[in-house]
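Structural characterization, general
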Amino acid sequence: MLLPGSTIGMLGGGQLGRMFTVAARTLGYKVIVLEPDPLSPAGQLADQHLRAAYDDEQALRQFGEQCAVVTTEFENIPAQTLEFLTQFCPVRPSATAVQVAQDRMVEKEFVRSCGLSPVPFAPIRQLADIPSACSQINFPAILKTARFGYDGKGQITVNHPSEVEAAFLQLKTVECVLEQRVDLAKEISVVLARSVHGEMDCFPVAENLHRNGILHQTIVPARINEALAEQAKQAAQRIAAKLEFVGVMAVEFFVTRQGELLINEMAPRTHNSGHYSLDACITSQFEQQVRMVCELPFGDTRLHTPVVMMNLLGDLWGSSQPIWDELLHSPNSKLHLYGKHEARAGRKMGHFCTLHPDLNAAIAEADRIFSTLPQV
């Protein structure tokens, strides 16, 4: 057990690292962030910010020697970086666990190996693979890069097999998966924690609405029946157990109109759809991550109030920033801004949570506030 006063290393300096840093420092830990961006949101709040690339061996050595444990805020940290750091201290989650989520093809095959159902897909590694892939998938479909795609980036909708080659060329012929477009009833997610001893605990299931491939709104509790919620939790725990994961991770699901539960993707880290836990749960996903990597007992994940979380993207900023009046005058809403230097379209700049004992009232209030935000 690593007690307060110990030093935790965070690989990655974005908003997830920032909220982790707040949780860790609140508990009395020191935090060192390794992140090349000099304007890192996490680096602003850490005890120390090492401005270095993730493959800078000299910086990694300094980082590892100063830390009692190392964790991550995103899945695209090079596996060799995580392996290198293990010579100095525990790295949680492990390189093996993170690697699975770095490649959509590997991830989908892993989901199958767990006895679970991914969204129907076919690999496309080269132009010659296209006819075979198209024969396996119903259209419309989505062509996604196997690596480095997130928030709607690296993916193109294809309505007919004749469009796949042009889309593949547009994506620079990198390895891709052709994924069937699902007839969706809902999108949900499960954020869970797993300890070094294999114990697990799930946060309440979240219901997610996306716009242009980016999470727009999270509603908790999800408006699904208890049996489906339990099925999603069990599936997420099966994945975490097989990965031998340590820390906090998320699994996103599609619920089809036929009631089938399909795995969309996993994230070996805290997750945008878990931000509601900062205000509406007894323990946040970020405090829970601190607890797991430091081998502390679980915090209570119960939801104390229904909640709606709304993402705030750079599109809202205009020439200055959104008009916050309605949000700041809402006594049951909480604003979280990430300290990012520049607003850009599609960039996550912050979020807010609206809490209310009545979920429908929370949804209505959150939607009303959001409608007032665009700069005029």
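Here we summarise the structure given alongside this text. Owing to the predicted nature of the structure, the values given are computational and were not obtained by experimental measurement. (Residues numbered from 1 in each chain as written. Predicted model: local features only at pLDDT ≥ 70, side-chain atom pairs only at ≥ 80, totals over all residues. Heavy atoms only, no water.)

Quick look at empty space enclosed by the protein
For the coordinates displayed, the defined rule picks out one cavity of 30 Å³ or more. In this model, the largest cavity occupies a volume close to 30 Å³. Taken together, T71, T72, R92, P93, F245, V246, G247, V248, P268, R269, Q289 and V293 form the lining of the largest cavity. For the lining of the largest cavity, the secondary structure elements donating two or more residues are β4 (69-72), β13 (247-256) and α10 (285-293). Split into classes, the residues belonging to the lining of the largest cavity amount to six nonpolar, four polar and two charged. (1 Å grid on protein atoms, 1.4 Å probe; cavity = no way out; pocket = protein on both sides within 12 Å on 5 of 7 lines; lining within 4 Å. Points joined across faces, edges and corners; volume = space filled by probe spheres on them. Helix = DSSP H or I, 4+ residues; strand = E, 2+ residues; numbered from the N terminus. Nonpolar A, V, L, I, M, F, W, Y, C, P; charged D, E, K, R; others polar.)

Here we look at the sheet that holds β4
Strands pair in a sheet through their backbones, by hydrogen bonds, and they do so in one of two ways: parallel or antiparallel. What the four strands build is an open sheet, ordered β3-β2-β1-β4; its pairing is parallel. Every other strand in the sheet has two partners, leaving β3 (48-50) and β4 as the edge strands with one partner each. Taking each pair of neighbouring strands and ignoring which way they run, the sheet shows an average axis angle of 25°. Pairing geometry for strand β2 (residues 30-34) and β3, over three bridges, is parallel. Each bridged residue has a counterpart across the sheet, and for L34 the counterpart in β3 is L50. Running over the sheet, helix α2 (residues 57-66) touches β1 (7-11), β2, β3 and β4 and is turned about 165° from β2. (Pairing = 2+ DSSP bridges. Axes fitted to C-alpha atoms, helices over the stretch in contact; angles between N-to-C directions. Contact = heavy atoms within 4.5 Å.)

A look at the nonpolar core
In terms of nonpolar packing, the biggest core is built from 29 residues, with I239, L243, M249, F253 and M266 touching the most fellow members. Residue assignment for this core shows that the elements contributing at least two residues are α4 (95-100), α5 (104-113), β9 (184-194), α8 (226-243), β13 and β14 (261-267). Looking at this core, the element that brings in the most residues is α8, giving eight residues. What I239 contacts, discounting residues up to four positions off in sequence, is F110, C114, L116, M249, V251, I263 and M266. (Core = buried A, V, L, I, M, F, W, Y, C linked by side-chain atoms within 4.5 Å. Buried < 20%, exposed > 50% of the residue type's maximum accessible area, 1.4 Å probe, protein only.)

Brief notes about the sheet that holds strand β6 (residues 141-145)
Taking strand neighbours across the sheet as the criterion, the four strands line up as β5-β8-β6-β7 in an open arrangement whose pairing is antiparallel. Since the sheet does not close on itself, it has two edges, and those belong to β5 (121-124) and β7 (155-158), each with one partner. Direction aside, the axes of adjacent strands within the sheet are offset by 25° on average. Sheet topology places β6 next to β7; four bridges connect them, and they run antiparallel. By the bridge assignment for β7, I142 is matched with T157. Against the sheet, α5 makes contact with β5, β6, β7 and β8 (176-180), and its axis sits at roughly 50° relative to β8, the strand it touches most.

Digging into the packing of helix α1 (residues 15-26) against α10
Contact geometry of α1 with α10 gives a least axis separation of 8 Å together with a crossing angle of 70°. Classed by the angle they form, the pair α1 and α10 counts as roughly perpendicular. Here α1 runs over α10; the crossing is right-handed. For the pair formed by α1 and α10, the contact residues are L16, M19, F20, A23 and A24 on the first element and F286, E287, Q289 and V290 on the second. (Parallel < 35°, antiparallel > 145°, perpendicular 65-115°, else oblique. Left-handed = near helix turned anticlockwise from the far one by under 90°.)

A closer look at the pairing of strand β15 (residues 307-313)
Across the seven residues that make up β15, a large majority, seven, are buried. Residues of β15 alternate between two faces, with V307, M309, N311 and L313 on one and V308, M310 and L312 on the opposite face, all of them buried. When strand β12 (residues 214-220) meets β15, the two strands line up antiparallel, connected through four bridges. Bridge pairing in β15 places T218 opposite M309. Sheet topology note: the β15/strand β17 (residues 348-355) ladder contains seven bridges and is antiparallel. Within the sheet, the bridge partner assigned to M309 lies in β17 and is C353.

Any functional reading would require information that these geometric values do not contain.
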